[in-house]
Amino acid sequence: MTGLAKYVGRRLVAAVLVLLTVSFAVFALLALSPGSPEQILLGDRRASPEALAAIREQYHLDDPFLVQYGRWLVDAVQFDFGTSVRSSVPVLNEIGERFPITAQLALYATLILVVIAVPAGMIAGAHRNSGIDRVVTLGGVVGVSAPVFVTGIVLLYVFGVALGWFPLYGAGDGLAERVSHLTLPAVALASTQVAFVARQTRAAALTVFEQDYTTFARARGLPRHAIWLGYALRNSALPVVTSVGLVVASSLTGAILVETTFSLPGLGALMIEAVNGKDIPVVQALSLLAAVVFVGVNLIADGVCLALDPRLRRRVLR
């Protein structure tokens, strides 16, 4: 077996173990939550003892906990997450309807993040203790400190209410309307992430610009763009790619506050509705989806790091 096959096998096994652990923890926490499962499934409706017994039999609620988890896991592997208690729609269909909005919001926020954070961090690292370095550092502190819902409300008031440049709520139809509706939410979601990635990039760039090979490149008279692209950006890429991967995953799974602030019908809003309605099948499926997204994005980020750094590739694949 080659080194690449061994590495991929180890990472896949670790990913499966993580997903099993998360799914078991979520299932156990929901099982321990207050209230009887059959009454949660019925909601506010009253039911006779016979109807409650029928529900317990239908959902196998009298089986031992591990048997119930095993049944749920087997169905989940076959992409069968049951039916929503609130809407009586298959959970997978309900998630499929909401997923595009959250995915588009996350991609838009990631684009803003990469365009702003990486150049700002590199420039700040190249001009340490300069005015632009202080501006980037101050912006990073403000961005990290400001809660995303506060940023969203400020953006809504300034650019939606006062200036009227962007719509106040909803996702819009068509490409142009969708971009217009998602601009403020994407900026709000990216604000904290830009600060985080800019600080990570600045720290990596500071190290690279202090290395001997960068000094020698300058001494050889190489053009500035060759030093930046061939030495600084390439050698700063690993922590940047890792941090971008983390924030991309958090964008997909952490858009709850942004979607609530801007009334976007995405997965974050669906999670809020499911928790308020005690819709256990939807909560279980969304929790597992969040874990899958985190694990998948981290696997992709690790693959990109291997592709970028031959030293890491040789060490891992030998």
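What counts and how
Residues numbered from 1 in each chain as written. Predicted model: local features only at pLDDT ≥ 70, side-chain atom pairs only at ≥ 80, totals over all residues. Heavy atoms only, no water. UniProt positions renumbered as here; feature names shortened; annotations may be inferred. Helix = DSSP H or I, 4+ residues; strand = E, 2+ residues; numbered from the N terminus. Expected span 1.5 Å × (residues − 1). Bend = angle between axes of the 7 residues up to and from the residue. Salt bridge = Lys/Arg side-chain N within 4 Å of Asp/Glu carboxyl O. Buried < 20%, exposed > 50% of the residue type's maximum accessible area, 1.4 Å probe, protein only.

Within an unreviewed UniProt entry, the label attached to the chain reads ABC transporter permease, and the organism entered is Tenggerimyces flavus. In UniProt, the chain has this text filed under Subcellular location (unreviewed entry): "Cell membrane". According to the UniProt record, the Sequence similarities (unreviewed entry) comment for the chain is "Belongs to the binding-protein-dependent transport system permease family."

(A) Focus on helix α5 (residues 91-126). Under the 1.5 Å per step criterion, the end-to-end length of α5 is 50 Å for 36 residues, consistent within 8% with the ideal 52 Å. Of all the bends found along α5, the most pronounced is centred on Arg 98 and spans about 35°, while Pro 100, a proline, follows it within four residues.

(B) Main features of the pattern of salt bridges. As enumerated under the stated definition, the model contains 3 salt bridges in all. Between Arg 11 and Asp 302 there is a salt bridge whose closest N-O contact spans 2.3 Å. With a gap of 291 residues between them, Arg 11 in helix α1 (residues 3-32) and Asp 302 in helix α14 (residues 280-308) connect regions that are remote in the sequence. A residue is classified by how much of its surface remains accessible, and Arg 11, at 26% relative accessible area, is partly exposed. Of the residues examined, Asp 302 reaches a relative accessible area of 23% and is grouped as partly exposed. For the salt bridge of Arg 202 with Asp 133, the shortest nitrogen-to-oxygen distance reads 2.6 Å. Taken together, the residues Arg 202 in helix α8 (residues 174-209) and Asp 133 in helix α6 (residues 131-145) connect sequence positions 69 residues apart. Residue Asp 133 is classed as buried on the basis of its relative accessible area, which comes to 2%.

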